[in-house]
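A closer look at the structure
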Amino acid sequence: MPIADFQPVIGLEVHAQLLTESKIFSGASTGFGAEPNLHTTEVCLGLPGALPVLNEKVVHMAVRAGLALNCQIRLHSVWARKHYFYPDLPKGYQITQYEEPICEHGNLVFPFGDTEKSVRILRIHMEEDAGKNIHQGAQSLVDLNRAGTPLLEIVSEPDLRSADEAAEYLKALRDILVYLGVNDGNLEEGSFRCDANVSVMKKGATEFGTRVELKNLNSFRFVKQAIDYEIARQVELVEGGGKVEQETRLFDTQRGETRAMRGKEDARDYRYFPDPDLPPLVLEPAFVDGIKATLPELPLAKVRRYVDVLGLSEYDARLLTADKALAAFFESALAHYGDAKKLANWCLGELSRQVNEKGVALTQVKVTPVQLAGLLQAIDGKTVSNNAAKEVFGAMFESGRDAQSVIAEKGLGQVSDTGAIEAVVNDILARHPAEVAQYKAGKVQVFGFFVGQVMRAMKGKGNPQTVNELLKAKLKLTRAF
Amino acid sequence: MNCTALSLTQLSGRLAEKALSSVEATEACLRRVEQVDPKVKSFIRVDRDGALRAAQASDARRAAGKTVGVLDGVPVALKDMLLTEGLETTAGSKILRGFIPPYDATVVRLLREAGAPILGKLNQDEFAMGSSTESSAFGPTHNPWDLSRTPGGSSGGSAAAVAAQLCFGALGTDTGGSIRQPAAMTNTVGVKPTYGRVSRYGVIAYASSFDQVGPITRTVADAAAMLQVLARHDARDATSHRVDAPDYSQGLEGGVRGLRIGVPKEYFGDGLDSEVGEAVQRAAKVFEKLGATLTDISLPHTRYALATYYVLAPAEASSNLARYDGIRYGHRAQGIKSLKDLYATTRSEGFGPEVKRRIMLGTYALSAGYYDAYYRKAQQVRTLVQRDFQSAFQNVDVVLSPTSPVPAFRLGEKTQSPLAMYLMDVLTLPCNLAGLPGVSVPCGFTRGGLPMGLQLLGRPFDEAGLLQAARAFEREHDFSSRWPPLTRDARADC
Amino acid sequence: MKLSVDDVRHVARLAALRLSPEEENAFRGQLEDVLGAMSELATLPTAAVPAMCYVQGDGGATRADVVQGELGLEKALQNAPARVGSHFAVPKIIE
């Protein structure tokens, strides 16, 4: 049977680090890149007697994420200990949520091709991250700076049917978390991590196949590669009369294949039980409602609004909303300038180009949305030409100055005074009788020559529309003679 | 004059009158430790310099008229479960040998802030798992009343040190009776506060939903004075009660007139030493004479409490002790080549047999396939035990019982049978299951001269009521002025 | 309640304990005794009884998201049995 006769079934487990200042159960910093073990308290080190106290910001962020993913928020949720021995796990257990997670039964709708796809979210829970082990010679070295960093684990139902769907789901989920300000969305640095549960079944079958858990998927490309490889491997296995083992496999990014993790011995028994140091978390309905009220508009809703209300193309709307900061810039400028299409062109054009070229974050740029709106108004008011405006914007981007002041300083102001332009037009026509004759003889291409001459004489500042209109009128007149 | 025979509150008075300095009192304690403790073996670490420094500071405060309360200048000592910054803390275990805490337990900080010099660390059962102080990696502590016997446990070092006049008060921890039972066996007063009343921050965890720190002292007033310092909200312990304690000294002398005392029949059953039973019945009559009313009550699930406790406490312990792996602190096995060996060998070398037994028991109770039958079942029965008390406290104010079923037993008598040892907690651990406050107060001596204690249990956060009742009983007797024979030989003049 | 030596070994492995053959035997018997004593819990009907995990009920204290209380490297590492630089060191982990 070919691979097309099989239906892949995929569910994703995402671990997203929360953007708090301090850790989930201690006051140690979550800062990245410090000297090993610097960001630790007695709690992070698992010292005797140390007790966890919950960071309320973590709860806030978890509820934000849960609401954005249409979850039911549990007003009563419970902390559990998950036991295993590993050097990066200082207490010998991880504090997580097991039987009563904070969020359940949500869903995520994301664009897929020309349609939208909806994936159910099984649960979201809060937990602590482990530290890091570094392998060096005959030793492994333990750094607990990351131990206790707050994580959200977001578990989807097995609703995904292809590697492409999985990647798009993941992108949409990342965009949402970044929009919410709860995660930085960085797969490579591991602040947004993904494991995939993959199985295959024959098309039309009602029962899922045995699932394999894939780890080490630290880019969208790897997520696709690993899942596609795993689907093919499982199909081949089943076709050859074999059986898929329930196991955990690592994605080997060098070889582009998955391989079983060594040393799994007996199936793990984590001995979960409620953590007696942390009483159940109880939320007031008003707390949840308050967070709901301040939830930002999410990417997909924004795209719909940009298309339906602002009249942007789907393509532009997606591009604008892909970056939360760009969308915010666009919307701020839109409050001062009404032509959404023109504004979108500038945001996706000059603004994005400058940001990329200069390598600065959009949130750090000097030019403000109001200033961009001012420049577009100047173009509409014909005080600057479209071409000159690009140069003006470059200077605004560098300096953070207003359009008017740059235009004035650089002398890029556009001449729209008809009298002044008419004088130049008359002069040019008078100096090029041969070309005028050609034009009159029907060689209309010469018109461009006249425009060029006039603009050169005016050092580019002539309002192009006025120049065109006057030239046409004068040439008509001369023909009438 | 032998000042170490003073009670904590008496000493505090002498210090206030400047009849005595804190340095003098501290030196007297240190001298007695040198003289007496080689026989009792209650201290596993003496911090002479630290104690004298604190005493000098206290005397300086007093000279400047800036004393900070009743405990200012009063030398005390601590069970080794409590972390002391810069002073080795081991929980009586080889696995923590050499561990120098980088921070103080909250209760230790509170004692320091109250001006009490800390003489050192006291012996205990390893990780508080035991009822005789015999499972300590440092060897057993001896009962000052009879050196061939145990002082009880697990806070046996704390009880023995107070009984032998080595300090004016000590802190213990109580998970299933570890403060009250040794207090009963040494003619001292022991208070196990309501769960959440005293911070557990910096207290080495045995079973987190049971553990509480409390004082062991010579008198009820002493216990009230120490508890007053400890009973504070602590933001670093999420289970800490959010309301600060009332003034325990306020109604201490208020008597028991009108107090409704329940006497649970289940606490006077098989296994209760007849002399202990009679002593507690006599005590009940004393309460009655003082104006209290006695009611026979039933706490029907008492017989399940032991099994419940010995599922839940080891389960929590197996988790709490997972952190001892020889990586960040403590004992580490030598010559290890693989990570797996690092864990298994370090832990097998570092833990003693009773600790291993409870880790095994707890791990089993939490493991796949047994969780519901053992752990969850025990949690449900815990609810039933708590409900027993809740309904009893609708009709009575205090529950009266023996503290320990027997007086101090001989060293080695029960070490071969875990179950026989576990039975030593049978009357104290229901209180921990329900999270209630409990007090043990001396109630006499056996014909053989061994101390006995009675237990008073109260409603959550009614420590004041318990102390008041205990004081009313204490006032009728001279038990607290009786001392073990060996204290007479020692001199500690000051 | 019957326990085999294999049961004891399995639990010891979960608990990261290495037991000598003598310990395995002793624990097998002792755990059997203790678990036997606990089997009386099974006789109590508790289907409708909630499990008690916490003494004081719900809603523990929380803390604000503020950085404070880091120990500093000296205190964090002062008890380390083996270290390399400011790392804790262990025998090589083999995946």
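About the thresholds
Residues numbered from 1 in each chain as written. Chains lettered and ligands numbered in written order. Predicted model: local features only at pLDDT ≥ 70, side-chain atom pairs only at ≥ 80, totals over all residues. Heavy atoms only, no water. Pairing = 2+ DSSP bridges. Helix = DSSP H or I, 4+ residues; strand = E, 2+ residues; numbered from the N terminus. Axes fitted to C-alpha atoms, helices over the stretch in contact; angles between N-to-C directions. Disulfide = S-S within 2.5 Å. Buried < 20%, exposed > 50% of the residue type's maximum accessible area, 1.4 Å probe, protein only. Salt bridge = Lys/Arg side-chain N within 4 Å of Asp/Glu carboxyl O. Contact = heavy atoms within 4.5 Å. Buried area = accessible area lost by both parts, 1.4 Å probe. Parallel < 35°, antiparallel > 145°, perpendicular 65-115°, else oblique. Nonpolar A, V, L, I, M, F, W, Y, C, P; charged D, E, K, R; others polar. Polar contact = N/O pair within 3.5 Å; in protein donor to acceptor, adjacent residues only side chain to side chain.

1. Thoughts on the sheet that holds strand 9 (residues 398–402) of chain B
Residues and elements named next belong to chain B.
- Pairing is mixed across the open sheet formed by 11 strands, whose spatial order is 1-3-2-4-6-5-10-11-9-7-8. Two strands close off the open sheet at either side, each with one partner strand: strand 1 (43–46) and strand 8 (293–297). Each adjacent strand pair in this sheet contributes to an overall mean axis angle of 30 degrees, direction not counted.
- The pairing of strand 5 (residues 189–192) with strand 10 (residues 438–445) spans 3 bridges and is classified as antiparallel.

2. What to know about the state of the cysteines
Residue and element names in this part refer to chain A.
- Inspection of the entire model under this criterion finds 0 disulfides over all chains.
- Left without a disulfide partner, Cys-71 is nearest to the cysteine sulfur of Cys-103, which lies 5.1 Å away.
- For Cys-71, a relative accessible area of 9% gives the class buried.

3. Concerning the pattern of salt bridges
- Tallying each qualifying case throughout the model produces 65 salt bridges over all chains.
- Linking A:Glu331 and A:Arg305 is a salt bridge whose minimum nitrogen-to-oxygen distance equals 2.9 Å. You can see A:Glu331 sitting in helix 7 (residues 324–334) and its partner A:Arg305 sitting in helix 5 (residues 299–308), a full 26 residues away along the chain.
- Among the ionic pairs, B:Asp174 bridges to B:Arg180, the shortest N-O distance being 2.8 Å. Neither B:Asp174 nor B:Arg180 differs from the other in exposure class; each is buried.
- Put simply, A:Arg81, A:Asp275, A:Asp277, B:Arg200 and B:Asp237 are held in one network by salt bridges that share partners.

4. So, the interface of chain B and chain C
- With 64 residues of chain B at the contact, the number on the chain C side is 50 residues.
- For the pair chain B and chain C, the two sides together bury roughly 5000 Å², of which 66% comes from carbon and sulfur.
- When the buried area of chain B at its contact with chain C is split by residue, B:Met360, B:Tyr364 and B:Lys377 rank highest and sum to 13% of it.
- One can count 4 salt bridges joining chain B with chain C.

5. Observations concerning the environment of B:Ala315
- Within the secondary structure, B:Ala315 is located in helix 9 (residues 302–320).
- Beyond its immediate chain neighbours, meaning those up to four positions away, B:Ala315 contacts A:Phe273, B:Gly362, B:Leu366 and B:Tyr375.

6. Quick notes on the packing of helix 1 (residues 5–14) of chain C against helix 2 (residues 21–38) of chain C
Residue and element names in this part refer to chain C.
- As a packed pair, helix 1 and helix 2 sit with axes 9 Å apart at the nearest point and diverge in direction by 105 degrees. In this view, helix 1 runs roughly perpendicular relative to helix 2, as classed from their interaxial angle. Contacts between helix 1 and helix 2 pair Val-5, Val-8 and Arg-9 from the former with Glu-24, Asn-25, Phe-27 and Arg-28 from the latter.
- In terms of residue class, the contact of helix 1 with helix 2 is made up of 3 nonpolar, 1 polar and 3 charged.

7. A short note on the sheet that holds strand 13 (residues 212–215) of chain A
Residue and element names in this part refer to chain A.
- Pairing is mixed across the open sheet formed by 9 strands, whose spatial order is 3-7-8-11-1-12-13-14-15. Of all strands in the sheet, those with a lone pairing partner are strand 3 (72–73) and strand 15 (257–260), marking the two edges.
- Strand direction decides the pairing type here: strand 1 (residues 6–17) and strand 12 (residues 192–202), joined by 11 bridges, are antiparallel. Within strand 12, the residue paired with Phe-6 across the bridge is Lys-202.

8. Observations regarding the interface of chain C and chain A
- Each partner contributes residues to the interface: chain C has 35 residues there, and chain A has 56 residues.
- Taking both sides of the interface into account, the surface hidden between chain C and chain A amounts to around 3700 Å²; carbon and sulfur atoms contribute 57%.
- Scanning the region where chain C abuts chain A turns up 20 residue pairs in polar contact (both at pLDDT 80 or more).
- For the side of chain C that touches chain A, the elements supplying multiple residues, two or more each, are helix 1, strand 1 (62–63), helix 3 (73–77) and strand 3 (87–91) of chain C.
- Classifying every residue of the side of chain C that touches chain A by side-chain character gives 19 nonpolar, 9 polar and 7 charged.
- Where strand 10 (residues 139–143) of chain A and strand 3 of chain C come together, 4 bridges link them in antiparallel fashion. Its bridge partner lying in strand 3 of chain C, A:Ser140 is registered against C:Val90.

9. Digging into the side chain of A:Ser199
All names here are of chain A.
- Relative to the helices and strands, Ser-199 resides in strand 12.
- Here Ser-199 falls in the buried class, since its relative accessible area comes to 3%.
- Apart from the residues within four sequence positions on either side, Ser-199 is in contact with Gln-7, Pro-8, Val-9, Phe-208, Gly-209, Thr-210, Arg-211 and Gln-234.

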